[in-house]
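Letter by letter, the chains look like this.
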Amino acid sequence: MLSIQGLAYSFEKEKPIFQGLTLNVKRGEFVSVIGASGSGKSTLFKLVTGLLEPNQGDILIDGKQTGKRLGSVGYMPQKDLLLPWRNVLENVLLPIEVTREHKQTKIPEIREWLSRFGLAEFEKAYPNELSGGMKQRVAFLRTLMTGKELLLLDEPFGALDSMTKRNMHKWLLGLWGELQKTVLFITHDLEEAILLSDRVYVLQDEGIKELKVNLPRPRSSQLIYQSEFLTMRKELEMLIHNEN
Ligand SMILES: Nc1ncnc2c1ncn2[C@@H]1O[C@H](COP(=O)(O)OP(=O)(O)OP(=O)(O)O)[C@@H](O)[C@H]1O
Ligand SMILES: [Mg+2]
């Protein structure tokens, strides 16, 4: 679904963020990218979406090297998620307006989703009237409405408290199982990365490492107390701190 080969990138005059980075995501996989703040996670996503162009290397989406990557993935950025002057429904309709699809025909479908996301009563609410978790769900729904199979989610739950986060995990795991989407997910929460993912990439100064998460699905949040989970967590920590 996504294939990145030999990627190199640096901002003007800065030291390179990536040098020869390789990363692959298969169709239907849930893959996380973890790494310290400033390691280049958001930059990686901007390269995949085409907001930035690599200095070297190839980025293939669905086997195609497109100059027009923007618009071939659903991208949920780290910040500035919702337009404050638009209500919930109008925010969710944004990708449909961009592709000039007929809005009215999509509204019943969107209303159904809003209701599934626990947002039925908030269709006319503005972002400043929503809780953090609600904003995240609206932004996620908007990403989903792009209709793209590959979704890039940049720390979607980063700003949430642990209780809300846990509910969002349950919700996302259920949804992902049902939708058959391919997800590339940025986080710096180790538990979150393991709980949700098939594989975890660790971005380091020296390059990238990979950990396979061999835990059965469907997964519940109770999994975090089990010994297999703790073993994985320890492995991931060792990778992050470069101890193996
Ligand atoms: N537009 C820019 N111009 C110059 N340098 C930039 C620009 N955007 C990001 N950087 C630098 O690139 C590096 C990687 O930034 P990036 O936002 O990708 O990190 P990140 O891993 O997403 O961090 P965080 O976990 O804090 O979100 C940082 O050192 C940052 O200062
Ligand atoms: Mg970031």
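For the structure itself, consult the block above.
Draft legend 1. Quick peek at the pattern of salt bridges. One pass over the structure, following the stated rule, counts 14 salt bridges. Where R199 meets E29, a salt bridge forms, and the shortest distance between an N and an O atom there is 2.7 Å. Placement of the pair is R199 in strand β8 (residues 199–204) and E29 in the loop between β2 (18–25) and β3 (30–35), with a sequence separation of 170 residues. Between E210 and R199 there is a salt bridge, with the nearest N and O atoms lying 3.2 Å from each other. Highlighted residues: E210 in strand β9 (residues 207–212) and R199 in strand β8, separated in sequence by 11 residues. Residue classification places R199 among the buried residues on the basis of a relative accessible area of 4%. The network of salt bridges with shared partners includes R27, D62 and E149.

Draft legend 2. View of the packing of helix α5 (residues 132–144) against helix α6 (residues 162–179). Following both chains from N to C, one finds α5 and α6 inclined at 20 degrees, their axes separated by 11 Å at the closest point. By the angle class used here, α5 and α6 are roughly parallel. At the point where α5 passes α6, the crossing takes the right-handed sense. In this structure, α5 contributes G133, Q136, R137, F140 and L144 to the contact, and α6 contributes T164, M168, W171, L172, L175 and L179. Here the residues of the contact of α5 with α6 are counted per class, giving seven nonpolar, three polar and one charged.

Draft legend 3. Layout of helix α1 (residues 41–49). The element α1 is largely enclosed, with a buried count of eight among its nine residues. Where α1 is concerned, the buried positions are K41, S42, T43, L44, F45, L47, V48 and T49. In the segment just after α1, G50 is the residue with positive phi, at about 95 degrees.

Draft legend 4. Focus on the coordination of the magnesium ion (ligand 2). The coordination sphere of the magnesium ion (ligand 2) contains the protein donors S42 (OG) and Q78 (OE1), at a distance range of 2.0 to 2.3 Å. Within this pair, whereas S42 is found in helix α1, its partner Q78 is found in the loop between β5 (74–76) and α2 (88–92), the two being separated by 36 residues in sequence. On the basis of relative accessibility, which here comes to 17%, the residue S42 falls in the buried class. With relative accessibility at 35%, the residue Q78 sits in the partly exposed group.

Draft legend 5. How the structure looks around the pairing of strand β7 (residues 182–186). The buried count for β7 comes to five of five residues, which makes it a mostly enclosed element. Examined bridge by bridge, β3 and β7 share four bridges and lie parallel to one another. Of the residues in β7, the one forming a bridge with V31 is L184. One ladder, built from five bridges, connects strand β6 (residues 150–154) with β7; its direction is parallel. Looking at the pairing, L151 lines up with V183 of β7. Assessed by its sense of winding, the connection that carries the chain from β6 through α6 to β7 is right-handed.

Draft legend 6. Representation of the packing of aromatic side chains in the model. On inspection of all chains with the given rule, the structure shows eight aromatic pairs. Measuring from centroid to centroid gives 5.6 Å for F30 and W176, while their planes differ by 80 degrees, and the two rings are edge-to-face. Taken together, the residues F30 in strand β3 and W176 in helix α6 connect sequence positions 146 residues apart. A single burial state applies to F30 and to W176, both of which are buried. One aromatic cluster in this structure is built from F30, F157, W176 and F185.

Cut-off values and rules
- Residues numbered from 1 in each chain as written.
- Chains lettered and ligands numbered in written order.
- Predicted model: local features only at pLDDT ≥ 70, side-chain atom pairs only at ≥ 80, totals over all residues.
- Heavy atoms only, no water.
- Salt bridge = Lys/Arg side-chain N within 4 Å of Asp/Glu carboxyl O.
- Helix = DSSP H or I, 4+ residues; strand = E, 2+ residues; numbered from the N terminus.
- Buried < 20%, exposed > 50% of the residue type's maximum accessible area, 1.4 Å probe, protein only.
- Axes fitted to C-alpha atoms, helices over the stretch in contact; angles between N-to-C directions.
- Parallel < 35°, antiparallel > 145°, perpendicular 65-115°, else oblique.
- Left-handed = near helix turned anticlockwise from the far one by under 90°.
- Contact = heavy atoms within 4.5 Å.
- Nonpolar A, V, L, I, M, F, W, Y, C, P; charged D, E, K, R; others polar.
- Donors = N, O, S within 2.8 Å, 3.2 Å for Na, K, Ca; no water.
- Pairing = 2+ DSSP bridges.
- Right-handed = clockwise from strand over helix to strand, strands pointing away.
- Phe/Tyr/Trp six-rings, centres within 6.5 Å; stacked < 30°, edge-to-face > 60°.

These figures come from the coordinates and say nothing about function on their own.
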